[in-house]
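Observations on the model geometry
The primary structure of each chain is shown beneath.
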Amino acid sequence: MTGSKENDRQAEPIFVTRPSLPSLEAFTESLRQIWDTKMLTNAGPFHQELEHRLGEYLGVEHVSLVNNGTVALIIALQFLERRGEVITTPYSFVATTNALIWTGFTPVFVDIDPMTCNLDPARIEAAITADTVAILPVHCYGNPADVEAIQAIADRHDLHVIYDAAHAFGVRDNGKSILGCGDLSTLSFHATKVFNTFEGGAIISRDAAAKTRIGHLRNFGFVDEVTVVTSGMNGKMSEINAAFGLLQLKHVSEEIEKRRIVSEYYRQALDGVQGVDCLAVADSVAGNYGYFPIFVKADFRIGRDELYDLLKSNGIYSRRYFYPLISSFPMYRDLPSARPANLGHAIRIANEVLCLPIYADLDLETVDKIVDLIENG
Ligand code: T4K
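Residues numbered from 1 in each chain as written. Predicted model: local features only at pLDDT ≥ 70, side-chain atom pairs only at ≥ 80, totals over all residues. Heavy atoms only, no water.

As named in an unreviewed UniProt entry, the protein is DegT/DnrJ/EryC1/StrS family aminotransferase, taken from Sphingosinicella rhizophila. If you open the UniProt record of the protein and go to Sequence similarities (unreviewed entry), you find "Belongs to the DegT/DnrJ/EryC1 family." (UniProt positions renumbered as here; feature names shortened; annotations may be inferred.)

1. Observations regarding the site of the ligand
The full set close to the ligand counts 27 residues, and Arg-18, Thr-70, Asp-164, Arg-319 and Tyr-321 are the nearest of them. Within the contact set of the ligand, an oxygen atom lies 2.6 Å away from a side-chain nitrogen or oxygen of Arg-18. Compared with its free state, where it exposes 920 Å², the ligand has 77% of that area covered by protein. Structurally, the ligand is housed in the largest pocket. Where the shell around the ligand is concerned, the elements lending two or more residues are helix 3 (69-78) and helix 4 (95-102). No other element matches the three residues that helix 3 contributes to the shell around the ligand. Its residues placed into classes, the shell around the ligand shows twelve nonpolar, eleven polar and four charged. Each of domain 1 (5-17 + 252-376) and domain 2 (24-249) gives at least three residues to the shell around the ligand. (Near = heavy atom within 4 Å. Polar contact = N/O pair within 3.5 Å; in protein donor to acceptor, adjacent residues only side chain to side chain. Areas by Shrake-Rupley, 256 points an atom, 1.4 Å probe, with all protein chains shown as cover. 1 Å grid on protein atoms, 1.4 Å probe; cavity = no way out; pocket = protein on both sides within 12 Å on 5 of 7 lines; lining within 4 Å. Sits in = over half its atoms within 2 Å of the grid points. Helix = DSSP H or I, 4+ residues; strand = E, 2+ residues; numbered from the N terminus. Nonpolar A, V, L, I, M, F, W, Y, C, P; charged D, E, K, R; others polar. Domains from an automatic or database assignment.)

2. What to know about the packing of aromatic side chains
Applying the stated criterion across every chain, the model contains 17 aromatic pairs. Residues Tyr-91 and Phe-322 carry aromatic rings whose centres are separated by 5.8 Å and whose planes lie at 85 degrees to one another, so their mutual orientation is edge-to-face. Of this pair, Tyr-91 sits in the loop between strand 2 (85-88) and helix 4 while Phe-322 sits in the loop between helix 9 (304-313) and helix 10 (344-352), and the two are 231 residues apart along the sequence. When its relative accessible area of 0% is taken as the criterion, Tyr-91 is described as buried. Relative to Phe-292, the ring of Tyr-266 lies with its centre 4.6 Å away and its plane at 20 degrees, an arrangement referred to as stacked. (Phe/Tyr/Trp six-rings, centres within 6.5 Å; stacked < 30°, edge-to-face > 60°. Buried < 20%, exposed > 50% of the residue type's maximum accessible area, 1.4 Å probe, protein only.)

3. A few points about the layout of surface pockets
Within this model, the largest pocket holds a volume of roughly 690 Å³. Lining the largest pocket are 33 residues, with Phe-93, Thr-192, Lys-193, Tyr-321 and Phe-322 positioned closest to its centre. Every element with two or more residues in the lining of the largest pocket is listed here: helix 3, helix 4 and strand 10 (184-188). In terms of residue count, the dominant contributor to the lining of the largest pocket is helix 3 (three residues). Here the residues of the lining of the largest pocket sort into 16 nonpolar, twelve polar and five charged. Mapping the lining of the largest pocket onto the domain boundaries places at least three of its residues in each of domain 1 (5-17 + 252-376) and domain 2 (24-249). (Points joined across faces, edges and corners; volume = space filled by probe spheres on them.)

4. Notes on the sheet that holds strand 9 (residues 176-177)
Taken together, the three strands give an open sheet; going across it, the order is 9-8-15, and neighbouring strands pair in antiparallel fashion. Of all strands in the sheet, those with a lone pairing partner are strand 9 and strand 15 (285-286), marking the two edges. For strand 8 (residues 172-173) and strand 15, the ladder comprises two bridges, and the chain directions are antiparallel. Among the inter-strand pairings, Arg-172 is bridged to a residue of strand 15, identified as Ala-286. (Pairing = 2+ DSSP bridges.)

See the structure below:
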């Protein structure tokens, strides 16, 4: 039965996420500096410092800031010399596949591993053809894809690997950043992400030459005042976004720690609730707790969408990331790889998933209420 618990109704709606903000005074001081220098964009001092500091924080050498995570993907794909097919997951935000269309590639969907929600490496080789150029996996919910297996396949077939790491800010596996995997990784710094610059993103590359080329691609193709080497776009991050990012970076570790506490609390509270599974994450992974997906199984007392409605009617705005599957959208559903028989796990998981609210300032009492609604209605 769905319906609201009047007494428990939240005064304020509880959204799936809320950004943490730096102090307004600190941001005002950054704005004052921007006003003083009159450098508003085009790789100004805040931009340069943020690239440097992010490299230190993330444990990677080459960071190129861009104006959002979708542009990061588009530039990373433009970076590839050849065009053709790219193997990817249908279980992601639609930007992942849209970026392929923008850059002239044909997406080829491969099913996910239902345990990780990531592209299943065991199914990739069957999808490789003479036209395959690259693999575009996603570290879904910041849970690392099977990077070793994917790299082994890429090496065997001479393919590029570009990771959509939009969810994977700061994620480490066995103490090492996962952003160094593949040819390039792309990040999103959207307001809904663990680290945000209002809008923003970055591309992580392996060497200085790649970073230089990405610099051309995000700046119209300019090398200097009179030399244009490629049909680049305007993918630049402004000084305001970069200045905000520098302030955010100061407290991002604390933000992640607070999220970890919420995540652990959910896990314990949901343990033993019949028909609700949490995402299994390997012990070797230090995550960022950007999302808290649960999977509503057939033996749960109500259906997934009923649970979504029940929470909503009580002021709790969970999200069905990622339902519907990308492969079901009109632009993609006629692709041979989009046929449901090819994507059984992704279809099931998309029908089960519900991302519960998680953010640094979410109090544990609210988590108790959410779990109570899930368990008892
Ligand atoms: N690849 C992957 C795997 C991605 O997940 C994404 C983006 C991308 C690539 C592309 O990166 P970007 O180009 O976006 O940088 C959100 C985000 O817009 C999107 O960035 C994100 N993934 C996707 C998973 O989620 P919506 O439509 O769910 O956002 P929205 O506006 O409904 O926000 C959710 C809740 O967050 C709101 O109910 C309230 C709260 N919120 C939101 C905003 C924007 C705030 O409290 N403050 C805010 O400013 O897409």
